[in-house]
Each structure stands twice: as C-alpha cells, then as structure tokens.
Amino acid sequence: MNFPSTINSKLPTVGTTIFTTMSALAKEHNAINLSQGFPDFNPHPVLVAEIEKAMRSNFNQYAPMAGYLPLRQKLAEKIEKLYSCAVDPETEITITAGGTQAIFTAIVSVIRENDEVILFAPAYDSYAPAIELAGGKALFCDLEAPEYKINWQNVKKLVSQRTKMIIINTPHNPTGTVMNAFDMAQLDKITRGTDIVIISDEVYEHIIFDGIEHQSVLRFPKLAERSFVINSFGKTYHTTGWKVGYCIAPKNLTTEFRKVHQFNVFSVNSIAQVAFNEILKLPDLYLELSAFYQQKRDYFQRAIQSSRFKLFNCEGTYFQLASYHKISDERDLEFVKRMTRDMGVAAIPISVFYRNNTDNSVIRFCFAKEEETLKRAAELICKI
Ligand code: GLN
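Parameters at a glance
Residues numbered from 1 in each chain as written. Predicted model: local features only at pLDDT ≥ 70, side-chain atom pairs only at ≥ 80, totals over all residues. Heavy atoms only, no water. Near = heavy atom within 4 Å. Areas by Shrake-Rupley, 256 points an atom, 1.4 Å probe, with all protein chains shown as cover. Axes fitted to C-alpha atoms, helices over the stretch in contact; angles between N-to-C directions. Helix = DSSP H or I, 4+ residues; strand = E, 2+ residues; numbered from the N terminus. Parallel < 35°, antiparallel > 145°, perpendicular 65-115°, else oblique. Left-handed = near helix turned anticlockwise from the far one by under 90°. Contact = heavy atoms within 4.5 Å. Nonpolar A, V, L, I, M, F, W, Y, C, P; charged D, E, K, R; others polar. Buried < 20%, exposed > 50% of the residue type's maximum accessible area, 1.4 Å probe, protein only. Pairing = 2+ DSSP bridges.

Attention shifts here to the site of the ligand. The local shell around the ligand consists of Phe 19, Gln 36, Gly 37, Tyr 124, Asn 173, Tyr 204, Phe 319 and Arg 364. Taking 300 Å² as the accessible area of the ligand by itself, protein coverage stands at 79%.

It is worth spelling out the packing of helix H2 (residues 45-56) against helix H11 (residues 270-279) at this point. For the pair H2 and H11, the least separation of the axes is 8 Å and the interaxial angle reads 135°. Comparing their axes, H11 and H2 come out oblique. In this structure, H2 meets H11 at a crossing whose hand is right-handed. Between H2, through Val 46, Leu 47, Glu 50, Ile 51, Ala 54 and Met 55, and H11, the contact on the second element is made entirely by Ile 271, Ala 272, Val 274, Ala 275, Phe 276, Glu 278 and Ile 279. Of the residues assigned to the contact of H2 with H11, the class counts are eleven nonpolar, no polar and two charged.

Moving on: the pairing of strand S7 (residues 227-232). The buried fraction of S7 amounts to six of the six residues, a majority that puts the element mostly inside the structure. Alternating positions in S7 separate into two faces, Ser 227, Val 229 and Asn 231 on one and Phe 228, Ile 230 and Ser 232 on the other, with burial throughout. As judged from the four bridges shared by strand S6 (residues 197-201) and S7, these two strands associate in the parallel manner. Note that in S7 the partner of Asp 201 across the bridge is Ile 230.

Listed below in structure tokens is the structure:
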C-alpha cells in the first residue's frame, strides 16, 4: 500500500494511552495489574439481573438520543437530594458512552481554533488531545508533589481574553486529592463575569474518604450555570467495561453538547441504561461506596507500609500514589515497565500526565481490587 504516502497526523506527539500500554504489558508478563483503574470484582447481582430482564423486555433497540428518560429523571432526583440543585432531565442531562466520551464531546462542542483551555497537571490523558483536535490550546497549571494543591495565583496568571474553558477534576485522578470549598470559591472568583466554561470531571464523586464532603460544582449555582459536569456509572457500579456515563449542563450548553453527541454516538447502550435506572433505586449502593473503598485504601496502605515506597495522602479515587526515590533513579516509565516485567506488579507512571513529562519518581497503584489481590501485590511490592 503506498497511498497516502505520508499522513499529516493531527496528533503527531500522541502515542497509545498509558492505560492500554500498561494493561497489555501486565497481561504479557502475567503481572498483577494495579495500573489501569478498574475493579477485579463483579457488579452487584441485582444490576446483572436487571440487564437480563431488560434484554427480555424488549429494550434492545436504540435508546433515545439523549438517554433513557426514566434514568435521566432518576439522576435529576439524586442530584437534587445530594447537591440541592434542580436539573431538568429533559434538557440538562445526556447519557454518554462513558466519561471520556462526555469530556471529548463537551470540549468539541465549545472549543474553537485558538481558544485556550486551562488544565491542572498531572492531568487525565484524554483532555489535551481533545482540545488540540478542536483547534484549541491546552495551558497547564502544574500541581506540585506531594500535596498537589491548586495554586490559584498561578491559575490567575494563565487566565486571559483567550481563556474559553477550565477543566477541573475532583476527586482527582491520578493524585487522589480533592478540591475543598475554598478552591470552589477561588474558581468562582476567577470565572465570575467572564464567558469561561467549566468542565468538572466528577467521576469519583462517591469515592471520597475520611468524612470529606464532595464539592460538586452543582452545589454552587454560579459555577453550575457555566459547567459541564461529567459522571460515570462505571466507577460507581464496578462496570467500567459497560462504558456508560452522563453529562449534566445547563440547557444552552446541553443543546450544543447534543449537536455533537448525536453524530458521533447517537445513543448509548439501551439495556445498561434500563438496569442503571433500577439500581439507582438502591441509594445505599452509592452512599456506602466511600466506606467500601476506604477499607481497601487502608488495607493496601498498611500492607505496603513496610516497603521502600513512600506513600502519599489519598483523599479520594481508588488510586494510591507512591514515590520510589529510595529504590531507583530510573525514569518512572522505565521503572513501572521493569516492575511489571521483573517483579510482577504493574502501575502507572505519573510523568505521562504532565506536558513536559515532569518526573518526580512517583507512580500510581489502583486499589479497586479484592483483598486477596491486594495482599499478593503487597507481598511483591514489599520485596522491591
Ligand atoms: N480512568 C482509568 C484510569 O485512570 C482508565 C480509563 C482508560 O483506560 N481509558 O486508570
């Protein structure tokens, strides 16, 4: 094949995502996979039963473009209850094929040539490529190890007439930090009186520890009116492979969102939507999720306490950061590859989430695993 002779790549510096790379390497070397974030246990049996029921009850054709309405209504009730925020299920909620698609669609629907978007690094790896494909420019505000707190003075310096969007993520992947009420007040101050749109990636909203309250932008009317809030059923119901999420945004933003959504996804897996509508009738499942994962966090932290890794604070998400500076001076990507190959445990290097691959010798472990898996992994980690 010799046509086209060269392809002028739209993403010349982008390779295969680290999650795919590390999961493949883990499989190749039969290593315990604490890299890509997904549980190794099954979803609730009621959810599985509801899928089967939906398949047998004629829910096998296209769902409505914006999503199965009873599910959107149920989500609106939940949002009202949790965040005292009134959301119209008809015009302000769209069901998506996962959080990443929702983020991509939100970016493409508002970002134009030369618009600037402020990101916090380490930043989830899908944000910047989506911005670049839309013709925009990603500006990175670095969060510094080991606290990874937002320095709002630095954010202010990045804001200009060209700033079209700010993307926040709380609880934050990969650092496990959460934004507090002070952070939200700063965000409000910076965006007040501007046309800046916010994407608030809140897919770990129910995985937050030590009694900390999740500060959704939906709690703050002035922020909510300019925000796309991104969420994911995969994280809450142990179903990352089902690829179902949703986007909450005011009507004018949702209208633009759906113009894009209808032509790249059209509508999302129908039976999963019917099943999630049923499982939402059991609020304990999401209300007890933080306690469930806090136990796993604590177990994992204790199990690797005696290792040579230095553990960072983890306030939310199912990720634990650790520094290996006492173990090796290799680059983090080399270190996790060697760990996977030679020591049988896979993790994610943090440098890939920085624009200039800032390397602080920090890696991420996923603890969304059975205790038995965490135990075996910890034994190996303690030998490193
Ligand atoms: N969100 C998951 C993580 O951070 C990965 C999702 C993916 O593989 N694209 O590990």
